[in-house]
Amino acid sequence: MADSTGQARPVRILLADDQPLLRTGFRMVLGAETDLDIVAEAGDGVEAVELSRRLLPDVVLMDIRMPRMDGVSATRAIVDARLPVRVLILTTFDLDEYVVGALRAGASGFLAKDVPAEDLVTAIHTVAAGDAVVAPRILRRLLDRFADVLPDPSATPPKALGALTEREREVLVQVARGLSNAEIARALSVSETTIKTHVGHVLTKLGLRDRVQAVVLAYESGLVRPGG
């Protein structure tokens, strides 16, 4: 991250979790990083939204299950307020429906609470830079669980997908399968810059915030099926 003078500055983080011990653990891990700065802690969703409005952190590490307001509602409130704040969900695997709800609400990704420290640090920087953290294996597991409520693949796709070119639809399918830009570029025998351009066009045409929402839309529209 850079400040108004162009100088590098630490990524400012808000920890939102109702368990003080977990917040302490995250603070210990992240506090060892010179390019990360924990600016505040919230013990519930209401406090997380209030602190986000007041402090404008770069990234909120958001728990799902919290008192007064859960992480999904807090994420939606932050996104709807158009704050320059990104939300990274921290969860356990037994709360799949909450994770999907958070992604729909505008979260920039999700990680398991037992994620290795180096992966958490990398994810924070990725989200702070404006990209999304897509965990393909976890996302596939989530979508497999919801396969019975996803559209029939033989159904007519949403009109919005009709705005995409054939190549853009092809790229969207690969994004939904969890491939990175570099992996898609190799698969389609084009440059990574070209893929980045296609992804940008897909997001713009479909009115999506980032890759995470593109993945969810691709499954919800039936463009891609779990396991497909």
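Residues numbered from 1 in each chain as written. Predicted model: local features only at pLDDT ≥ 70, side-chain atom pairs only at ≥ 80, totals over all residues. Heavy atoms only, no water.

## Things to note about the nonpolar core
Generally speaking, a soluble globular protein has its nonpolar side chains buried in company with each other. Ranked by internal contacts, the top residues of the largest apolar core, which has 26 residues, are Ala 16, Val 60, Met 62, Ile 78, Val 87 and Ile 89. Of all the secondary structure elements, the ones that give two or more residues to this core are β1 (11-16), β2 (36-42), α2 (45-55), β3 (59-63), α3 (71-80), β4 (86-91), α4 (96-105) and α10 (211-220). Discounting chain neighbours no more than four positions away, the residues touching Ile 78 are Val 49, Ser 52, Val 60, Met 62, Leu 83, Val 85 and Val 87. In terms of nonpolar packing, the next biggest core, distinct from the first, is built from 21 residues, Leu 161, Val 202, Leu 208 and Val 215 among them. (Core = buried A, V, L, I, M, F, W, Y, C linked by side-chain atoms within 4.5 Å. Buried < 20%, exposed > 50% of the residue type's maximum accessible area, 1.4 Å probe, protein only. Helix = DSSP H or I, 4+ residues; strand = E, 2+ residues; numbered from the N terminus. Contact = heavy atoms within 4.5 Å.)

## Notes on α10
Helical geometry: 3.6 residues make up each α-helical turn, so side chains three or four residues apart lie on a common side. For α10, a buried count of 8 out of 10 residues is recorded, marking the element as mostly surrounded by other parts of the structure. Among the residues of α10, Arg 211, Val 212, Gln 213, Ala 214, Val 215, Val 216, Ala 218 and Tyr 219 are the ones counted as buried. Where α10 ends, the next residue or the one after it, Gly 222, has phi of about 85 degrees, a positive value.

## Focus: the environment of Ala 117
Note on placement: Ala 117 falls in helix α5 (residues 117-128). A C-alpha to C-alpha distance of 8.9 Å links Ala 117 and Phe 26, two positions 91 residues apart in sequence.

## Description of the UniProt feature "modified residue: 4-aspartylphosphate" (unreviewed entry) in the protein chain
In this numbering, the UniProt entry assigns the feature "modified residue: 4-aspartylphosphate" (unreviewed entry) to Asp 63. Tracing the backbone shows Asp 63 in strand β3. (UniProt positions renumbered as here; feature names shortened; annotations may be inferred.)

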